[in-house]
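Reading the structure
The primary structure of each chain is shown beneath.
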Amino acid sequence: MEDSKTQPDAYDYKGRPSLKSSSGGWTSAAMILGVETCERLTTLGIAVNLVTYMTGTMHVGNATAANTTTNFLGTSFMLCLLGGFIADTFLGRYLTIAIFAAVQATGVTILTISTIIPNLRPPKCSGENPSSCIPATSNQLLILFLALYLTALGTGGLKSSVSGFGSDQFDETDKEERIKMSSFFNWFFFFISIGSLLAVTVLVYIQDNLGREWGYGICAGAIVIGLIVFLSGTRRYRFRKLVGSPLTQIAAVFVAAWKKRGMELPLDSTMLFDIDDLPGDEIKNKNKKKQKLPRTEQLRFMDKAAINNNEIISNRGTPVVNKWEISTLTDVEEVKMVIRMMPIWGTTIMFWTVYAQMTTFSVSQATTMDRHIGKSFEIPPASLTAFFVGSILLTVPIYDFIILPITRKLLKNPRGMNPLQCIGVGLIFSILAMVAAAMTEVKRLNAARSNGLSDDPTAVIPLSVFWLIPQFILVGSGEAFTYMGQLDFFLRECPKGMKTMSTGLFLSTLSLGFFFSSLLVSIVHMATKGKPWLADNLNQGKLNDFYWLLTILSVVNLMLYIMASKWYVYKDQRLAAEGIELEEEDFTSHA
């Protein structure tokens, strides 16, 4: 009977085989989408307006405010790797989401309280003289950073597992549910975008006009509501068994290779230990989803991990393989695949450094410009990022309906542009964005000087804030190409047994991009102390020179990226050269 049909690799909250009729599907997925929407609303609602809070309320300089924002976002994305490791190895995705959502709610609650209690922030500036502003004390900053980094910890743990747990609610072996799974990721992206738009418009407006306590209070309430909705679906969720972290496999291969560094490799690769040599049906079952890979000549020192030096031991008569002593050749080749991806991974970090400027110095620029629409309505500075989000949403359908058909014909490729070409287009957009940003800043500085406003950091320069729109649109369009290309690249090129790590690899480029932005800001701020480029009074600084520096670095990075992409050989092409057909995979299930 249909009602009693179970999914063999899934179980319910009591550990019983999961009944398809009463578990999983869209009802469960919708509850998971809800908590992710609240997470995006909360994280972005804090991040996009954090610069103005740091400068206007905590009275710190522009460089410090920018670094606080990029470090917060960088930590959030970097902690996705930790969250993924914990989920895969110890807690599972459900518990990871629940625990880290509670951690995020705690962080945002502390942030809200810090905006309500007067002693947790410095007094307001007296008069119009900036020197009268008292900066935040170390204790006040300590409470703020505690709140921010608890929020970042919660974000990293939650974000690492929510898309994977959503895909767990559908059965890949069922054709109908596989189609639903594909739709789930479309809706996942849609609800993330909705959360982003609400954050940069409604939430930012509330923060600037009703008060930070209201804005952050709504964030805290939203994540608590999202957590309650998520927990309410416990009885309906489908759970999967822990599979272990692929980071363990990578570490084990390196350890085994290092231990045998003095041994000679056999000339015949068939002498190396591989999947077919694994003892016991149980161990073979664990590896049955792996595709046996041929030995490659690159990184040959790693092959020593597969030298069989009688590491297979007997435990009560049962053969046992110690993975820290010996690895299969297929495991070694999978790790090689990841290493080959590293040059591409490294040369995409620069895009996210450019991206970071949209939530830092671009917002600082907006605070000094005329933001009025009509006579009464004034756009909050951070709400300019709505053009950024909007350009992403426009670029995706333009690519699908216009660019993709054209590139299919021109490149004679049914997929249109390949992932590396998409990323390259995104990097070009980021260069154009920094050129536009530098030119706009020159125009803004000229307007400040010609109107005698260079010495007044609080003055509104008679120049429309809409001059900033090109840089937001260019970075937004660039993100659409870079995001699509990176996600496609990491999902398709990661070994089949390491798909859970692909999201972590992608998100780590965002994290390192934000951290590099912080490092670059600190270096530039120290190197230009006499005539600061990143002055607390932007009208007396040279932010345009900083943007030109980013342009130059982006051009150099693009050249390195082109070299790396020409060197890289796609997995299917490499296997085809060995006469091996790549196994069919449903990549959407790992997004």
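Quick note: structure is the one above.
Here's a quick rundown of the structure. Remember, it's a predicted structure, so these values are computed and weren't measured experimentally.

**Brief notes about unusual backbone geometry**
One non-glycine residue, H59, adopts positive backbone phi at about 60°. Taking relative accessible area as the criterion, H59 reaches 12% and is therefore assigned buried.

**Notes on helix α14 (residues 419–450)**
In this model α14 runs 47 Å from its N-terminal to its C-terminal C-alpha over 32 residues, within 8% of the 46 Å that 1.5 Å per residue would give. For α14, the capping residue at the N-terminal end is N418, with a side-chain oxygen 3.1 Å from the backbone nitrogen of L420. Following α14 by one or two positions, G452 adopts a phi angle in the positive range, close to 65°.

**What about helix α7 (residues 212–232)?**
Helix length check: α7 (21 residues) gives 30 Å between terminal C-alpha atoms against 30 Å at 1.5 Å per residue, within 8%. What α7 keeps buried is the set R212, G215, Y216, C219, A220, A222, I223, G226, L227 and F230. Each buried residue of α7 sits inside an arc of 155° when the element is viewed along its axis, so together they form one side. Opposite the buried face of α7, at more than 90 degrees from it, the exposed residues are W214, I225, I228 and S232.

**Digging into the environment of W352**
In this fold, W352 is placed in helix α11 (residues 349–356). With a relative accessible area of 0%, W352 lands in the buried category. Taking the C-alpha atoms as reference points, W352 and G513, separated by 161 residues in sequence, lie 4.6 Å from one another. W352 has contacts with E479, T482, Q486, F506, T509, L510, G513 and F514, leaving out every residue within four places of it along the chain.

**A word on the pattern of salt bridges**
Oppositely charged side chains can pair when the atoms bearing their charge come close. By the definition in use, this model includes 10 salt bridges. In this structure, K336 engages E333 in a salt bridge whose closest nitrogen and oxygen atoms are separated by 3.2 Å. With K336 and E333 both in helix α10 (residues 329–347) and 3 residues apart, the pair spans about one turn of that helix. With respect to class, K336 is no different from E333; both count as buried. Among the ionic pairs, R371 bridges to E378, the shortest N-O distance being 3.5 Å. Assessed through its relative accessible area of 12%, R371 is described here as buried. Since its relative accessible area comes to 34%, E378 is described here as partly exposed. Shared partners join several salt bridges into a network, and the residues in it are R295, D303, E333 and K336.

**With respect to the state of the cysteines**
Counted according to the given criterion, the structure contains 0 disulfides. Free cysteine: C38, not disulfide-bonded; nearest cysteine sulfur from C219 at 10.0 Å.

**With respect to the packing of α10 against helix α17 (residues 543–567)**
For the pair α10 and α17, interaxial distance at closest approach is 9 Å and the crossing angle is 160°. Accordingly, the angle class assigned to the pair α10 and α17 is roughly antiparallel. The handedness of the crossing between α10 and α17 is left-handed. The residues of α17 that touch α10, namely those facing R340, P343, I344, G346 and T347, are N557, L560, Y561, A564, S565 and W567. Of the residues that constitute the contact of α10 with α17, the class distribution is 6 nonpolar, 4 polar and 1 charged.

Conventions and cut-offs
- Residues numbered from 1 in each chain as written.
- Predicted model: local features only at pLDDT ≥ 70, side-chain atom pairs only at ≥ 80, totals over all residues.
- Heavy atoms only, no water.
- Buried < 20%, exposed > 50% of the residue type's maximum accessible area, 1.4 Å probe, protein only.
- Helix = DSSP H or I, 4+ residues; strand = E, 2+ residues; numbered from the N terminus.
- Expected span 1.5 Å × (residues − 1).
- Polar contact = N/O pair within 3.5 Å; in protein donor to acceptor, adjacent residues only side chain to side chain.
- Arc of directions from axis to C-beta.
- Contact = heavy atoms within 4.5 Å.
- Salt bridge = Lys/Arg side-chain N within 4 Å of Asp/Glu carboxyl O.
- Disulfide = S-S within 2.5 Å.
- Axes fitted to C-alpha atoms, helices over the stretch in contact; angles between N-to-C directions.
- Parallel < 35°, antiparallel > 145°, perpendicular 65-115°, else oblique.
- Left-handed = near helix turned anticlockwise from the far one by under 90°.
- Nonpolar A, V, L, I, M, F, W, Y, C, P; charged D, E, K, R; others polar.

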